[in-house]
Amino acid sequence: MTSHRIDASLDTAIDVLTAEREPVLRVDDGDTVTVRTLSAAGYTERQASPGADAPTLVDPRRGHCLVGPIAVTGARPGQVLAVRFDALVPDDWGYTGSGGVDTELNRALGLADPTSRGPLLWDVDAAAGVARNQLGLGVRTAPFLGVVGLPPEPTGEHSTIPPRPVGGGNIDCRELVAGATLYLPVTVPDALLSVGDGHAAQGDGEVSGTAVECGMTTTMTLSLLDDVPVAGIHADTPAGRITFGFDADLNAATTTALDRMVDWIAGSYGISRAEALAMASVAVSMRVTQVANRTWGVHALLPHDAILGPDAA
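Keep in mind that this is a model prediction, so the values were computed, not measured.

Let's talk about the packing of aromatic side chains
Applying the stated criterion across every chain yields a total of two aromatic pairs. Measuring from centroid to centroid gives 5.8 Å for phenylalanine 244 and phenylalanine 246, while their planes differ by 10°, and the two rings are stacked.

What follows is the structure, encoded as structure tokens:
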């Protein structure tokens, strides 16, 4: 097993998901990679004031400023790429935007007018686990990457903005913190993973469209699996097991996430799907992962201690 290091630069940054670009790094099954990414916007320095422009690494930029693709030698469709997040350390500054963009949600909230913007700038203390903004308000940090994805197909350049049931991408799940493993079905030879969009903190939903956006230093271990307990994109996190659904229809996204969690419970405990659904009804939480990315994200969360075995007290 080998450890690698790669940083965001003009040679390694990418703003689409594609299998047609040469890998910026090649690793073997089981290798560990430390990746230094910039914020989603690719800012190379702090904004001087809330809402101010700052230099970006990629200009113009079509999507999130990511690092990739990273090739995993021998990966092939039919396998699953396990991405274990060993450590995630945010940079010491970040930003959150809100309002001022003409979207359906902002119109409903009365915040579509550009004068209604409410951007925040944050100082992030990774050691203390706290971020504090210019209003004097703070939040506890729980760092993760918003975008972890593979090209959805072998040809073309694909937007980083919507999460996809094939390849993943802009999942924006706040539970993918250090200690979590995300399972992505391999879509193209060598997997070709791209990552970025660091978040120092985020609530379920990412309701303004942004989190505490920041640069991130991520250490992750990449492994290939032939068999996994459930189909599709899923995760094992400190909070519990997670299955995902992504769709333009919220009901469809919810159904997919729940259907796969029912399969996971049924397989884990040797019970029928009907019995598993009943267990899910009392043990699983359905959460809106994000509302910001043109496609609804929903995840089903089963805490590790939610279902007790026959011998448990």
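Resuming the write-up.
Examining the pattern of salt bridges
Evaluated as defined, the whole model comprises 15 salt bridges. Here glutamate 175 ties to arginine 287 by a salt bridge, and the two come within 3.1 Å at their closest N and O atoms. With glutamate 175 in the loop between strand S14 (168-170) and strand S15 (181-185) and arginine 287 in strand S21 (residues 285-290), this residue pair connects regions lying 112 residues apart in the sequence. Assessed through its relative accessible area of 10%, glutamate 175 is described here as buried.

Considering the sheet that holds strand S7 (residues 80-90)
Spatial strand order, S1-S5-S18-S7-S15-S19-S20-S22-S21: nine strands in an open sheet with mixed pairing. Sheet topology places strand S1 (3-7) and S21 at the edges, where each strand pairs with a single neighbour. Neighbour-to-neighbour, the strand axes of this sheet turn through a mean angle of 25°, independent of strand direction. Looking at chain direction, strand S5 (residues 32-37) and strand S18 (residues 216-225) are connected through six bridges and run antiparallel. Residue pairing across strands places threonine 37 opposite methionine 216, the latter belonging to S18. Seen against the sheet, helix H2 (residues 250-269) touches strand S19 (234-237), strand S20 (240-247), S21 and strand S22 (296-302) and runs at an angle of roughly 150° to S20.

Focus: the nonpolar core
Counting residues in hydrophobic clusters, the biggest one holds 44 residues, and the most contacted among them are Leu81, Phe85, Leu182, Leu193, Met220, Leu222 and Phe244. Ignoring anything within four residues of it in the chain, the contact list for leucine 193 reads Val67, Gly68, Pro69, Ile70, Leu81, Val83, Val148, Gly149, Leu150, Leu184, Met220 and Leu222. Counting residues in hydrophobic clusters, the runner-up holds 16 residues, among them Ala257, Ala266, Val298 and Ala300.

Considering unusual backbone geometry
Cis geometry marks the peptide bond from aspartate 59 to proline 60, where omega comes out at 0°. One can find proline 60 in the loop between S5 and strand S6 (66-72). Cis geometry is found at the peptide bond from glycine 68 to proline 69, where omega equals 0°. Looking at the element boundaries, proline 69 is found in strand S6. Positioned with a positive phi, aspartate 190 is a non-glycine residue whose angle comes to about 70°. Take aspartate 190: it is sitting in the loop between S15 and strand S16 (193-199). Of note, the phi angle at glutamate 206 is positive, near 45°, even though the residue is not glycine. Tracing the sequence through the fold places glutamate 206 in the loop between S16 and strand S17 (213-214). What makes glutamate 206 buried here is its relative accessible area of 4%.

Re the layout of surface pockets
Of the volumes computed, that of the largest pocket is approximately 1300 Å³. Every residue lining the largest pocket is counted, 49 residues in all, and those nearest its centre are Val101, Ser208, Gly209, Thr210 and Ala292. Looking at the lining of the largest pocket, the elements that each hand over two or more residues are strand S8 (93-96), helix H1 (104-109), strand S9 (120-125) and S16. The biggest single contributor to the lining of the largest pocket is H1, with three residues.

Calculation rules
Residues numbered from 1 in each chain as written. Predicted model: local features only at pLDDT ≥ 70, side-chain atom pairs only at ≥ 80, totals over all residues. Heavy atoms only, no water. Phe/Tyr/Trp six-rings, centres within 6.5 Å; stacked < 30°, edge-to-face > 60°. Salt bridge = Lys/Arg side-chain N within 4 Å of Asp/Glu carboxyl O. Helix = DSSP H or I, 4+ residues; strand = E, 2+ residues; numbered from the N terminus. Buried < 20%, exposed > 50% of the residue type's maximum accessible area, 1.4 Å probe, protein only. Pairing = 2+ DSSP bridges. Axes fitted to C-alpha atoms, helices over the stretch in contact; angles between N-to-C directions. Contact = heavy atoms within 4.5 Å. Core = buried A, V, L, I, M, F, W, Y, C linked by side-chain atoms within 4.5 Å. 1 Å grid on protein atoms, 1.4 Å probe; cavity = no way out; pocket = protein on both sides within 12 Å on 5 of 7 lines; lining within 4 Å. Points joined across faces, edges and corners; volume = space filled by probe spheres on them.

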